[in-house]
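Residues per chain, in single letters:
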Amino acid sequence: MKFDLNSLVRVNVLKLKPYASARDEFKDFDADMVFLDANENPFENGVNRYPDPQQRSLKSILADVKGLNEACMLLGNGSDEVLDLIYRVFCRPSIDNIITLPPTYGMYNVLAETNDVENRKVLLSDDFQLEPSKILDAVDENTKLIFICSPNNPTGNSFASEAIEKILLEFKGVVVIDEAYIDFSNNPSWIHRLREFPNLIITQTLSKAYGLAGIRLGICYASKEIISVLNKIKPPYNVNELTQSRAKQRLIAHERVEQEVAKIIEERTKLITALSQVSFISTIYTSDANFVLVKVDDANKRYEELIAHGIVIRNRSTQPLCENTLRFTVGNPEENIKLINVLNELN
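**Looking at the overall build of the protein chain**
Okay, so step 1: Within the protein chain one finds 13 helices and 11 strands.
Okay, so step 2: Here the C-alpha radius of gyration of the protein chain, 22 Å, is about what a compact globule of 347 residues would show, namely 20 Å.
Okay, so step 3: Looking at the protein chain as a whole, 51% of its 347 residues are labelled buried.
Okay, so step 4: When contacts within the protein chain are restricted to residue pairs at least 6 apart in sequence, those whose partners lie at least 24 apart make up 68%.
Okay, so step 5: A total of about 16,800 Å² of accessible surface is found on the protein chain, and carbon and sulfur atoms cover 49% of it.
Okay, so step 6: Counting 39 positive and 48 negative side-chain charges, the protein chain places the centres of these two groups 3 Å from one another.

Structure representation (structure tokens):
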């Protein structure tokens with residue numbers, strides 16, 4: 001099926017001439033120059049200059065880590081900004097629609113409502129898997145985006161690649177695969193298949209495996225053509241200097257990150273084993289993420305009991321197919337031991 005990007009992008013975005021900041025016009029940030037172009041405070045304090053609007057040095061490191069061309073990347077103030085840009089490029093308010101697959105990440109729906117875009121919800125199967133035929137049946141001529149979170153939040157499982165491929169091949173719009181938790185999975189990232197699918201966008205984050213939730217850095221990987229369109233509406237200085245600097249430090253320290261991820265996966269296995277011995281937990285769902293979803297006898301009661309013992313978790317019972325479920329993030333060894341000890345003390 002031939003993918004026509006221009007037919008999907010909003011006409012006003014195609015015509016839009018992006019704002020050119022002072023640092024877009026002069027790009028050699030390391031040159032020994034007198035900078036009098038951007039109305040900055042001239043007294044050096046480390047952050048008195050505007051940051052690189054295209055985050056070139058950070059993208060260079062990411063390109064080495066991911067094995068991907070820098071032109072196929074867009075960085076945002078958290079993944080939520082990246083997702084919002086995707087909505088605003090492709091979806092006409094009050095006309096177009098998107099498809100989400102509950103239970104899933106709640107911001108997809110919030111962003112749909114914010115952008116006045118209909119969200120057509122197609123539930124996962126009872127075992128939390130995609131049902132491609134039902135998803136494709138929900139598509140009409142105004143369906144622009146399908147959001148697939150894999151590994152999925154809040155369920156923790158990954159989706160079968162065959163099911164995702166079917167959607168990619170048969171849907172004329174854009175498929176967004178949210179890989180916030182991919183580093184905790186044995187499944188390969190879809191970024192290695194970008195060339196196969198011109199309608200594919202992948203989002204990732206440094207908040208989870210890289211432990212940088214506080215700096216808010218989200219990443220979008222897609223074809224050069226899609227990234228070019230997204231750059232048209234990206235705010236000029238959306239990733240600040242402190243975020244760029246901290247991200248570069250952490251990406252360079254990849255061996256430490258790998259060790260931390262390995263430890264989290266090891267602790268996840270221990271946690272699942274211990275949870276299987278808790279009397280009021282009836283189901284422990286498969287997890288490829290840094291959390292575990294479980295079904296309990298009374299989620300509201302157990303949530304309050306854990307709060308009383310100083311442990312904060314997520315009660316996911318309001319989500320479709322998730323009645324009486326709790327989600328435990330995998331903590332450090334001491335935190336996990338405390339959680340298990342408290343759970344075993346509860347009747």
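**Quick word on the environment of Asp116**
Okay, so step 1: Mapped onto the fold, Asp116 is located in the loop between α6 (107-114) and β3 (118-121).
Okay, so step 2: Using a relative accessible area of 41% as the deciding quantity, one classes Asp116 as partly exposed.
Okay, so step 3: For the pair Asp116 and Pro320, spaced 204 residues apart in sequence, the C-alpha to C-alpha distance is 22 Å.
Okay, so step 4: Those residues in contact with Asp116, other than ones at most four positions away along the chain, are Pro93 and Ser94.
Okay, so step 5: Separated by 2.3 Å, the side chains of Asp116 and Ser94 make a polar contact.

**Here's the deal with the packing of helix α10 (residues 241-252) against helix α11 (residues 254-275)**
Okay, so step 1: Taken N-terminus to C-terminus, the directions of α10 and α11 make an angle of 75 degrees; their axes are 5 Å apart at the nearest point. In this view, α10 runs roughly perpendicular relative to α11, as classed from their interaxial angle. Facing Arg250, Leu251 and Ile252 of α10, the residues of α11 in contact are His254, Arg256, Val257 and Glu260.
Okay, so step 2: Looking at side-chain class alone, the contact of α10 with α11 contains three nonpolar, one polar and three charged residues.

**Focus on the pattern of salt bridges**
Any two side chains of opposite charge can pair, given that their charged atoms come close.
Okay, so step 1: A full pass over the atoms with the stated rule returns 22 salt bridges.
Okay, so step 2: Between Glu44 and Arg49 there is a salt bridge, with the nearest N and O atoms lying 3.7 Å from each other.
Okay, so step 3: By relative accessible area, which is 59% here, Glu44 ends up exposed.
Okay, so step 4: In this structure Arg49 comes out as partly exposed when scored by relative accessible area, which is 23%.
Okay, so step 5: The partner of Arg193 in a salt bridge is Glu165, with the nearest N and O atoms 2.7 Å apart. Taken as a pair, Arg193 in the loop between β5 (174-178) and β6 (200-205) and Glu165 in helix α8 (residues 161-170) lie far apart in primary sequence, 28 residues in all.
Okay, so step 6: Among the charged side chains, a salt-bridge network with shared partners connects Arg23, Asp37, Glu40, Glu44 and Arg49.

**Digging into unusual backbone geometry**
Okay, so step 1: Cis geometry is adopted by the peptide bond preceding Pro151, which originates at Ser150 and carries an omega value of -5 degrees.
Okay, so step 2: Here Pro151 is to be found in the loop between β4 (143-149) and α8.
Okay, so step 3: Of note, the amide linkage connecting Asn153 to Pro154 takes the cis form, showing an omega dihedral of 25 degrees.
Okay, so step 4: Looking at the secondary structure, you find Pro154 in the loop between β4 and α8.
Okay, so step 5: In this structure, Asp116 takes a positive phi of about 55 degrees despite not being glycine.
Okay, so step 6: For Arg216, which is not a glycine, the phi torsion comes out positive at approximately 55 degrees.

**Some points on the sheet that holds strand β8 (residues 281-284)**
Okay, so step 1: Strand order in the open sheet formed by four strands is β8-β9-β11-β10, with antiparallel pairing between adjacent strands. Every interior strand has two partners, whereas the edge strands, β8 and β10 (314-315), have only one.
Okay, so step 2: With two bridges joining them, β10 and strand β11 (residues 325-329) adopt antiparallel strand pairing. Pairing of Asn315 across the sheet is with Leu326, part of β11.
Okay, so step 3: Taken strand by strand, α11 contacts β8, β9 (291-296) and β11, and its axis lies near 10 degrees from that of β9.

Rules used in this analysis
Residues numbered from 1 in each chain as written. Predicted model: local features only at pLDDT ≥ 70, side-chain atom pairs only at ≥ 80, totals over all residues. Heavy atoms only, no water. Helix = DSSP H or I, 4+ residues; strand = E, 2+ residues; numbered from the N terminus. Rg over C-alpha atoms; globule rule 2.2 N^0.38 Å. Buried < 20%, exposed > 50% of the residue type's maximum accessible area, 1.4 Å probe, protein only. Contact = heavy atoms within 4.5 Å. Areas by Shrake-Rupley, 256 points an atom, 1.4 Å probe, with all protein chains shown as cover. Lys, Arg positive; Asp, Glu negative; His and termini not counted. Charge placed at Lys NZ, Arg CZ, Asp CG, Glu CD. Polar contact = N/O pair within 3.5 Å; in protein donor to acceptor, adjacent residues only side chain to side chain. Axes fitted to C-alpha atoms, helices over the stretch in contact; angles between N-to-C directions. Parallel < 35°, antiparallel > 145°, perpendicular 65-115°, else oblique. Nonpolar A, V, L, I, M, F, W, Y, C, P; charged D, E, K, R; others polar. Salt bridge = Lys/Arg side-chain N within 4 Å of Asp/Glu carboxyl O. Pairing = 2+ DSSP bridges.

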